[in-house]
Amino acid sequence: MLSRKTVIFIFFLSISVSSSQTVMNGFGIGVIQPRADAASFGIASTGLLPAFQSGISLNNPTTWLNLNFAYLSTMYGGNQVDQNNGTIINGNSALTQFQFILPIKKKYIFGIGISPYANQYFNLIGTDSLANAKTLEGSGGINSLHVSFGQSISEKEHIAITLDYLFGSSRMETELTLDHTDYTYNQRSIFSGILAKLYVESFRNQTVHTFFAMQGSVKPLSVQSFSYQPVERSIFYPEFPNPDKTPDPVYTDMTDIFSPFEIQLGFDTEVKERIHILGEGTYWRDNSDTQTDISILQNKVVSTERISFGIIRFAHKFPRTIIDFVHFRSGIFVMRSVLDSRKNVDERGVSFGIGVKFGVVDNQIDFGFSISQRDGLDVNGELIQQFSVGISLGDIWFI
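Predicted, not measured: the structure shown is a model, and the values here were computed from it.

Colleague: Mind showing me how you'd approach unusual backbone geometry here?
Modeller: Note on backbone geometry: most residues besides glycine have negative phi, and most peptide bonds are trans. At lysine 105, a residue that is not glycine, the phi angle is positive and equals roughly 55°. Secondary-structure assignment places lysine 105 in the loop between strand E4 (88-104) and strand E5 (108-119). Positive phi is not limited to glycine here, since aspartate 362 has a value of about 55°. Tracing the sequence through the fold places aspartate 362 in the loop between strand E17 (344-358) and strand E18 (363-375).

In structure tokens:
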């Protein structure tokens, strides 16, 4: 006869869930966060295209050679996910980026910043054949400390490289009621890895610019995982059971659990004075074949394809009226993610935003908003609303 703990372990492995927050955050290491500033958000770009100011993107270091000032910038963003025709609504918000950008004599650039890389926040509700109630929760994720260097290699080409040091931790907890007794199962993971991304900008004339970027792993992501055995929950220790009654965790040290490869192409063309049309295409895949149990959910995203287009009317270089200080932005995108189960998850959306210049050193505040529909998950579709606010302050350093 199987013991109660064995039954619980088998249950954890076979559980199927319905979502009370997006299921995508629970797949693999979580949802990868494009390092897009608020300006890029307004045109549905991942940050490759120059949306901050004419010829400048805060997240494409080849464009920083066009800056007239050094910048300190920070972003704040949030999202809301509606499921099952609005019967379930979840959301969160947080600081999403902080960075310092330093152009040097219009020949070299340096930048350093920190931003989220992968989000593992989720809250799922599941049932089994006996209709026992349980909850799956995840929190934490992976951050990126990124450093960029670049230079002008000719009058018409710029090149740059960004190194991302990935670090962070996550916690996943499963709560189960079995035979009128509450149990909890905890798992903690600590991540580390290094990525490198090459950027190239080329412009044969002043009205058409092309962009190329390619990212790969210098050190694929590794994880130290601690899996605790299921224990009874106590009213005195609702989340952290009494250590005297908790067996030692199962420790696992795994390497090469995640090894992304990404290639991007983009263009920026000026169709009329201060009016630009921009486009971007991205292909991303995970080259790692390592099977892990770092997530309570078994699936993971193995590849993604994304296309976006945007239009911008930039502010006047020398504004005279209030409207001349404002950038206007809008965009559309479509994206398909493929799971290791060969299931497709499709997302399509629209975005818009504005940016307002102020001060003699081109300080700027940006607002971006997007709304999208995601299909392919077992939650009758997801309506996703996201916003981002950024402020960038300029100063004269080595200009």
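What follows continues from the structure just given.
Colleague: What's the story with the environment of proline 247 in this structure? I'm lost.
Modeller: Tracing the backbone shows proline 247 in the loop between strand E11 (231-232) and strand E12 (250-258). As a C-alpha pair, proline 247 and valine 231 span 16 residues in sequence and 8.9 Å in three-dimensional space. For proline 247, the residues in contact, after removing those within four places along its chain, are Gln229 and Val231.

Colleague: Sorry if this is basic, but what is going on with empty space enclosed by the protein here?
Modeller: Summary: where empty space remains is shown by rolling a probe the size of a single water molecule over the atoms. Going through the model one piece at a time under the given rule, you end up with one cavity of 30 Å³ or more. Here the largest cavity is characterised by a volume of approximately 40 Å³. Taken together, the residues that form the lining of the largest cavity break down as four nonpolar, five polar and one charged.

Colleague: How should I be thinking about the pairing of E17 in this particular structure?
Modeller: On a regular strand, each side chain points to the face opposite its neighbour's, so the side chains alternate between the two faces of the sheet. Judged from the 13 bridges that link them, strand E16 (residues 326-339) and E17 form a sheet pairing that is antiparallel. Within E17, the residue paired with histidine 327 across the bridge is glycine 355. In sequence, E16 turns back onto E17 through a hairpin of four residues, with arginine 342 there showing a positive phi of about 70°. Pairing geometry for E17 and E18, over 13 bridges, is antiparallel. Bridged to phenylalanine 358 within E18 is asparagine 363. The hairpin formed by E17 and E18 contains four residues between the paired strands, and glycine 359 there has a positive phi angle of roughly 85°.

Colleague: Quick question: what am I supposed to make of the nonpolar core here?
Modeller: Soluble globular proteins tend to pack their nonpolar side chains together in the buried interior. By size, the foremost hydrophobic cluster in this structure holds 24 residues, and its most contacted members are Ile29, Tyr117, Ile142, Phe191, Leu221, Ile257 and Phe258. At the level of secondary structure, the elements contributing two or more residues to this core comprise E5, strand E6 (122-127), strand E7 (133-152), strand E8 (157-178), strand E9 (181-203), strand E10 (208-227) and E12. Here the element with the most residues in this core is E12; it accounts for three residues. Grouped together as the second largest cluster of nonpolar side chains are 23 residues, Ile43, Phe211, Ala213 and Phe314 included.

The rules behind these values
- Residues numbered from 1 in each chain as written.
- Predicted model: local features only at pLDDT ≥ 70, side-chain atom pairs only at ≥ 80, totals over all residues.
- Heavy atoms only, no water.
- Helix = DSSP H or I, 4+ residues; strand = E, 2+ residues; numbered from the N terminus.
- Contact = heavy atoms within 4.5 Å.
- 1 Å grid on protein atoms, 1.4 Å probe; cavity = no way out; pocket = protein on both sides within 12 Å on 5 of 7 lines; lining within 4 Å.
- Points joined across faces, edges and corners; volume = space filled by probe spheres on them.
- Nonpolar A, V, L, I, M, F, W, Y, C, P; charged D, E, K, R; others polar.
- Pairing = 2+ DSSP bridges.
- Core = buried A, V, L, I, M, F, W, Y, C linked by side-chain atoms within 4.5 Å.
- Buried < 20%, exposed > 50% of the residue type's maximum accessible area, 1.4 Å probe, protein only.

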